[in-house]
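Summary of the model geometry
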Amino acid sequence: MAVGEASAHRKPASGVEIRELECFLALSEELHFGRAGERLYVSQGRVSQLLRSLESRIGGRLVERTSRRVRLTPLGEDFLASLRPAYAALRATVEDARAAARGVSGRLRVGFQGTAHDRFVAAVSRFEDRYPDCSTEIVEVPLSDPFGPLHRGDADIAAVLLPVAEKSLVLGPVFSRRPQYLAVSTRHPFASRTDLCAEDLADCPLVGVRGPAPAYWREAQAPTRTPGGRPVPAGPTVATLQEGLSLVAANRGAMLLCHPTAEYHHRRDIAYVPLTGLPDSALGLVWNPAHENSRIRAFAQAVEEELVRDPQGS
């Protein structure tokens, strides 16, 4: 078939369907036709059909599929980079119009990793007072899965421990910057110390965090080397904070904690010793731009006002 004839059989790009774009976005994140179909509540065959239709409109392959793997083509990577912000902007525009018509209302599921301290609760109250037609629900974000609830849609927005380097998520206000503490058993030699430095970690196994938390995030919570390059012994790994504290109490290892968490989880069998030489612990408000709406933006603004602009909340 001649080039002109092939072009004549392509679907015009102006007729692109939103569902085709949603299919491509889901497939680019899952890299699996079955899981993409589950996210969209359609069959695997329907995912293939939508992808073929989109590729026909564009005139090139966006996805390579073999019996062993699914991956984006170079064209698909470029298309994804341009599509994500455009699609997020489109959703936001539609949501803004809906919000203008009815005001900020509905339900907002707010995830929190660790303990929601009183200043964060005050930010939630500020949001609820400002938007009485919008209810909030606080959901727990597992220590070992800081970003999973946002990807799965279990939370609309979440406060998680930094760092956040997820390309598919937006990092909003950063707050609660606090010095780190080392939690040790009262039987540990460090328990009698008034302070510690990061180099002391070379003499103490650290309780680590299991996956699916990404490796860079787990490294920040339980570094494998001191700032001076000395190796830090690896202790057991845990999925929850309570598991970690139980192991600390049993003198199986030490655990890095921020000051508010150490205060909240005060135990007679654990000592919390100030630690210098590591970056301060901090929380960041994170959300999925593909799901951004007026509720999320309004909540982020409330957190910014309560915890960032107010010096007491920093």
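Residues numbered from 1 in each chain as written. Predicted model: local features only at pLDDT ≥ 70, side-chain atom pairs only at ≥ 80, totals over all residues. Heavy atoms only, no water.

1. Considering the sheet that holds strand E7 (residues 180-185)
- In spatial order, the strands read E8-E12-E7-E11; together these four strands make up an open sheet with mixed pairing. Pairing within the sheet leaves two strands with one partner each, and these edge strands are strand E8 (196-197) and strand E11 (255-258).
- When E7 meets E11, the two strands line up antiparallel, connected through four bridges. Each bridged residue has a counterpart across the sheet, and for Leu182 the counterpart in E11 is Leu256.
- Along the sheet face, helix H9 (residues 241-249) touches E7, E11 and strand E12 (270-276) and points at about 125° away from the line of E11. (Pairing = 2+ DSSP bridges. Helix = DSSP H or I, 4+ residues; strand = E, 2+ residues; numbered from the N terminus. Contact = heavy atoms within 4.5 Å. Axes fitted to C-alpha atoms, helices over the stretch in contact; angles between N-to-C directions.)

2. Points about the pairing of strand E4 (residues 134-140)
- Here strand E3 (residues 106-112) runs beside E4; their pairing, made up of seven bridges, is parallel. If you follow Arg109 over to E4, its bridge partner there is Glu137.
- In this region the chain leaves E3, passes through helix H6 (residues 118-130) and returns to the parallel neighbour E4; the handedness of that crossover is right-handed. (Right-handed = clockwise from strand over helix to strand, strands pointing away.)

3. Some remarks on the pattern of salt bridges
- Summed over all chains, the structure comprises 20 salt bridges.
- Glu20 is paired through a salt bridge with Arg57; the nearest N and O atoms lie 2.8 Å apart. Here Glu20 is found in helix H2 (residues 18-30), whereas its partner Arg57 is found in helix H4 (residues 44-58), with 37 residues between them in sequence.
- Accessibility expressed as a relative area gives 3% for Glu20, which makes it buried.
- Arg57 gets classed as buried once you look at its relative accessible area, which sits at 13%.
- Here Glu305 ties to Arg126 by a salt bridge, and the two come within 3.2 Å at their closest N and O atoms. Highlighted residues: Glu305 in helix H11 (residues 294-309) and Arg126 in helix H6, separated in sequence by 179 residues.
- In this structure Glu305 comes out as buried when scored by relative accessible area, which is 15%.
- Residue Arg126 is classed as partly exposed on the basis of its relative accessible area of 29%.
- Within the structure, one salt-bridge network assembled from shared partners comprises Arg119, Arg126, Arg130, Glu305 and Glu306. (Salt bridge = Lys/Arg side-chain N within 4 Å of Asp/Glu carboxyl O. Buried < 20%, exposed > 50% of the residue type's maximum accessible area, 1.4 Å probe, protein only.)

4. Description of the packing of H2 against H4
- The contact between H2 and H4 brings their axes to 9 Å, and the two run at 110°. Looking at the two axes, H2 sits roughly perpendicular to H4. Across the interface between the two elements, Arg19, Glu20, Leu21, Cys23, Phe24 and Leu27 from H2 touch Val47, Leu50, Leu51, Ser53, Leu54 and Arg57 from H4.
- Each residue belonging to the contact of H2 with H4 can be placed in one class, and the counts come to eight nonpolar, one polar and three charged. (Parallel < 35°, antiparallel > 145°, perpendicular 65-115°, else oblique. Nonpolar A, V, L, I, M, F, W, Y, C, P; charged D, E, K, R; others polar.)

5. Here we look at the sheet that holds E4
- Ordered by their spatial adjacency, five strands build an open sheet running E4-E3-E5-E13-E6, and the pairing between neighbours is mixed. On the outer flanks of this sheet lie E4 and strand E6 (170-178), each paired with one strand and no other. Put simply, the sheet's adjacent strands are angled 20° from each other on average, direction ignored.
- Where strand E5 (residues 157-161) and strand E13 (residues 281-287) come together, five bridges link them in antiparallel fashion. Across the sheet, residue Ala159 finds its bridge partner in E13, namely Leu285.
- The strands touched by H6 are E3, E4, E5, E6 and E13; relative to E4, the strand with the most contacts, the crossing angle is about 155°.

6. What to know about the environment of Glu30
- Within the fold, Glu30 resides in helix H2.
- Considered as a pair, Glu30 and Thr136 are 106 residues apart in the sequence and their alpha carbons are 29 Å apart.
- Glu30 has contacts with Arg35, Ala36 and Arg39, leaving out every residue within four places of it along the chain.
- Polar side-chain contacts of Glu30 include one of 3.2 Å to the side chain of Arg39. (Polar contact = N/O pair within 3.5 Å; in protein donor to acceptor, adjacent residues only side chain to side chain.)

7. Here we look at unusual backbone geometry
- With omega at 10°, the peptide bond leading from Leu162 into Pro163 counts as cis.
- Within the secondary structure, Pro163 is located in the loop between E5 and E6.
- With an omega dihedral of 15°, the bond running from Gly211 to Pro212 counts as a cis peptide bond.
- For Leu31, which is not glycine, the phi torsion reads 50° and is therefore positive.
- With respect to the helices, strands and loops of the structure, Leu31 is situated in the loop between H2 and helix H3 (33-40).
- Residue classification places Leu31 among the partly exposed positions, given a relative accessible area of 37%.
- The phi dihedral of Tyr41 is positive, around 60°, even though this residue is not glycine.
- Position of Tyr41 among the secondary structure elements: in the loop between H3 and H4.

8. Structural notes on the pairing of E3
- E3 sits mainly inside the fold: five of its seven residues count as buried.
- Note that E3 and E5 share three bridges and pair parallel. Its bridge partner being in E5, Val110 is matched across the sheet by Ile157.

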